[in-house]
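Okay, here's what each chain looks like letter by letter:
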Amino acid sequence: MIHPENDEAYKGLKVNDGVERLSSVNPYLSQMRVRRAAPLSVDDYVNGILRGDVTILSRAVTLVESLRPEHQAIAQEIVERLLPHSGKSLRVGITGVPGAGKSTSIDAFGMHILKERGGKLAVLAVDPSSERSKGSILGDKTRMERLAAHPNAFIRPSASAGSLGGVARKTRETIILCEAAGYDTVFVETVGVGQSETAVYSMVDFFLLIQIAGAGDELQGIKRGIMEMADGIVINKADGANKAEAQRAATHYRNALQLFPMPQSGIRPQVLTYSGFYDLGIKEVWDMIFDYIAKVRANGSFEERRSAQSKYWMYETINEQLHNRFYRAAGIDEALARFEDDVIAGRLTSFAAAGRLLELYDSINNKK
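Since this is a predicted model, take the numbers as computed values, not measurements.

A word on the packing of helix α4 (residues 102-117) against helix α11 (residues 282-299)
Then step 1. The geometry of α4 relative to α11 is characterised by a closest axis approach of 10 Å and an angle of 75° between their N-to-C directions. With respect to each other, α4 and α11 are oriented roughly perpendicular. Contacts from A108, F109, H112, I113 and R117 of α4 reach α11 at I282, K283, V285, W286 and F290.
Then step 2. Of the residues in the contact of α4 with α11, the class split is 7 nonpolar, 1 polar and 2 charged.

See below:
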């Protein structure tokens, strides 16, 4: 085959060699050293948090959330050292049905309180994990654009990882760290209406339920227990053509609350409407919260609630520690597999298998 570039007529032309295709791997990768943050002592963590160092606070929260026993031991010592410096913040739990606009509302509530009262705000959000992949998006910061850029706001999303109780306990410990770092207002956002509400209710001073109107029967699908826990109910998206619908929904909730027994605080929850997107009615929501806090401080139920919460988390921690010790005990994994086969094959009932596994765990402990 004759190539045109070899023809005498084109002898003045020069054909250059092609460019070698480069590797997609950085050739200097092997020479690069991974930079890791220097390990900190407990004193470093405590002093850094007390002076408000956000980087050290974030690293301490990571320790609290870690499942490694050595990290948990360090985290526990840090929390105990900082406990005397905590307890001075206003803790607000925020829940609501999916799509109610919790994150957008938190952005509006947070910006209002920082603008009107100053101080520092911490937002602790539990993000649901996929049951299949165990992953979480952790996208709360993208929905809290203004707070994410505010120098006095700290946003920390945490993955539920299929264990809402465990994350909730760690969230309570994170509250202590944030309070010691000088955050005087703490929001705890839940994953939505479900089992996590009881845990979050047991760590906050005011529990706010966010609802929306125009989604059918306003009371359908809302558990009575959730409404009984709420210290205040707010209807979001009360703007434009939806404003009248939101007002009607508020009336439905006020009527429903009249049928419930009086809360332990002695204060019946208020029902308000607002718009998180347009920042309408935000001041009124805060006035409701501050009015409630003033009343419960005056009648003594504020301290009673915090004392009950401390006792609740003591027992919850005992349950979690016993659970972890059982599954980490030597020989339990093999025994679980055997007894599981017996239960599936019908050779043993579930209750009998559980009893024998606990007996095995007791014998393992007695040998130590």
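So much for the structure itself; the text now carries on.
Topic: the side chain of T190
Then step 1. Looking at the element boundaries, T190 is found in the loop between β4 (185-189) and α8 (196-201).
Then step 2. A distance of 2.8 Å separates a polar atom in the side chain of T190 from a polar atom in the side chain of T95.

A word on the packing of aromatic side chains
Then step 1. Inspection of the entire model under this criterion finds 10 aromatic pairs.
Then step 2. Centre to centre, the rings of F187 and W286 are 5.9 Å apart; their planes meet at 25°, and the pair counts as stacked. Placement of the pair is F187 in strand β4 and W286 in helix α11, with a sequence separation of 99 residues. For the pair F187 and W286, one class covers both residues: buried.
Then step 3. Residues Y312 and W313 carry aromatic rings whose centres are separated by 5.1 Å and whose planes lie at 90° to one another, so their mutual orientation is edge-to-face.
Then step 4. Relative accessible area serves as the criterion here: at 5%, W313 is assigned to the buried category.
Then step 5. Ring pairing ties together the aromatic residues F187, W286 and F290, which thus form one cluster.
Then step 6. Seen from the ring of F290, R117 lies directly overhead, with NZ or CZ sitting 3.7 Å from the centre.
Then step 7. In this arrangement the basic side chain of K120 is found over the ring face of Y183, its NZ or CZ atom lying 4.4 Å from the centre.

A closer look at helix α3 (residues 69-82)
Then step 1. A rise of 1.5 Å per residue sets the reference length of α3, with its 14 residues, at 20 Å; its end C-alpha atoms lie 20 Å apart and thus fit the reference within 8%.
Then step 2. Looking at α3, one finds that the buried residues are Q72, A75, I78, V79 and L82. Along α3, the residues classed as buried sweep out an arc of 125° about the axis, all on the same side.

Here we look at the confidence of the model for the chain
Then step 1. Put simply, the chain has an average pLDDT of 85, and 79% of its residues get 70 or more.
Then step 2. When the criterion is pLDDT under 50, residues 129-139 qualifies, and its contacts beyond four places in sequence or with other chains add up to 19 contacts.
Then step 3. Counting interchain partners and residues more than four positions distant, the pLDDT-below-50 stretch residues 162-166 has 8 contacts.

Here's the deal with the environment of L348
Then step 1. Structurally, L348 can be placed in the loop between α13 (332-345) and α14 (350-367).
Then step 2. Accessibility expressed as a relative area gives 14% for L348, which makes it buried.
Then step 3. What L348 contacts, discounting residues up to four positions off in sequence, is F339, D342, V343, A353 and R356.

Observations concerning helix α10 (residues 243-257)
Then step 1. With 15 residues, α10 extends 21 Å between its outermost C-alpha atoms, agreeing within 8% with the 21 Å of an ideal straight helix rising 1.5 Å per residue.
Then step 2. Those residues of α10 that sit buried are A246, A249, A250, Y253, A256 and L257. One side of α10 holds all its buried residues, which, seen down the axis, span an arc of 125°.

A look at unusual backbone geometry
Then step 1. Within the chain, K237 stands out as a residue other than glycine whose phi angle is a positive 65°.
Then step 2. Its location among the elements puts K237 in the loop between β6 (232-236) and α10.
Then step 3. Notably, D279 is not glycine yet its phi reads approximately 55°, a positive angle.
Then step 4. Tracing the backbone through its elements, the reader meets D279 in the loop between β7 (270-273) and α11.

Here we look at the environment of P157
Then step 1. Summarising the element assignment, P157 is placed in strand β3 (residues 153-159).
Then step 2. In this structure, the C-alpha to C-alpha distance between P157 and V126, residues 31 residues apart in sequence, is 5.8 Å.

Observations concerning the pairing of β7
Then step 1. Where β6 meets β7, 4 bridges bridge the pair, whose relative direction is parallel. Across the sheet, residue G232 finds its bridge partner in β7, namely Q270.
Then step 2. In terms of handedness, the path from β6 via α10 over to β7 forms a crossover that is right-handed.

Some remarks on a nonpolar patch on the surface
Then step 1. Where nonpolar side chains cluster on the molecular surface, the patch consists of M314, Y315, I318 and L322 and spans about 400 Å² of accessible area.
Then step 2. Position of M314 relative to the elements: it lies in helix α12 (residues 301-328).

A word on the pairing of strand β5 (residues 206-212)
Then step 1. Among the 7 residues of β5, 7 are classified as buried, and the element is accordingly described as predominantly covered.
Then step 2. Neither face of β5 is left uncovered, since the one carrying F206, L208, I210 and I212 and the one carrying F207, L209 and Q211 both have all their residues buried.
Then step 3. Where β5 lies against β6, 5 bridges are found, and the strand directions are parallel. Following the sheet pairing, I212 is matched in β6 by N236.

Thresholds applied
- Residues numbered from 1 in each chain as written.
- Predicted model: local features only at pLDDT ≥ 70, side-chain atom pairs only at ≥ 80, totals over all residues.
- Heavy atoms only, no water.
- Axes fitted to C-alpha atoms, helices over the stretch in contact; angles between N-to-C directions.
- Helix = DSSP H or I, 4+ residues; strand = E, 2+ residues; numbered from the N terminus.
- Parallel < 35°, antiparallel > 145°, perpendicular 65-115°, else oblique.
- Contact = heavy atoms within 4.5 Å.
- Nonpolar A, V, L, I, M, F, W, Y, C, P; charged D, E, K, R; others polar.
- Polar contact = N/O pair within 3.5 Å; in protein donor to acceptor, adjacent residues only side chain to side chain.
- Phe/Tyr/Trp six-rings, centres within 6.5 Å; stacked < 30°, edge-to-face > 60°.
- Buried < 20%, exposed > 50% of the residue type's maximum accessible area, 1.4 Å probe, protein only.
- Lys NZ or Arg CZ within 6 Å of the ring centre and 35° of its normal.
- Expected span 1.5 Å × (residues − 1).
- Arc of directions from axis to C-beta.
- pLDDT = per-residue confidence, 0-100.
- Pairing = 2+ DSSP bridges.
- Right-handed = clockwise from strand over helix to strand, strands pointing away.
- Patch = residues over 30% accessible without salt bridge, like charges linked within 9 Å, V, L, I, M, F, W, Y side chains within 5 Å.
- Areas by Shrake-Rupley, 256 points an atom, 1.4 Å probe, with all protein chains shown as cover.
- Salt bridge = Lys/Arg side-chain N within 4 Å of Asp/Glu carboxyl O.

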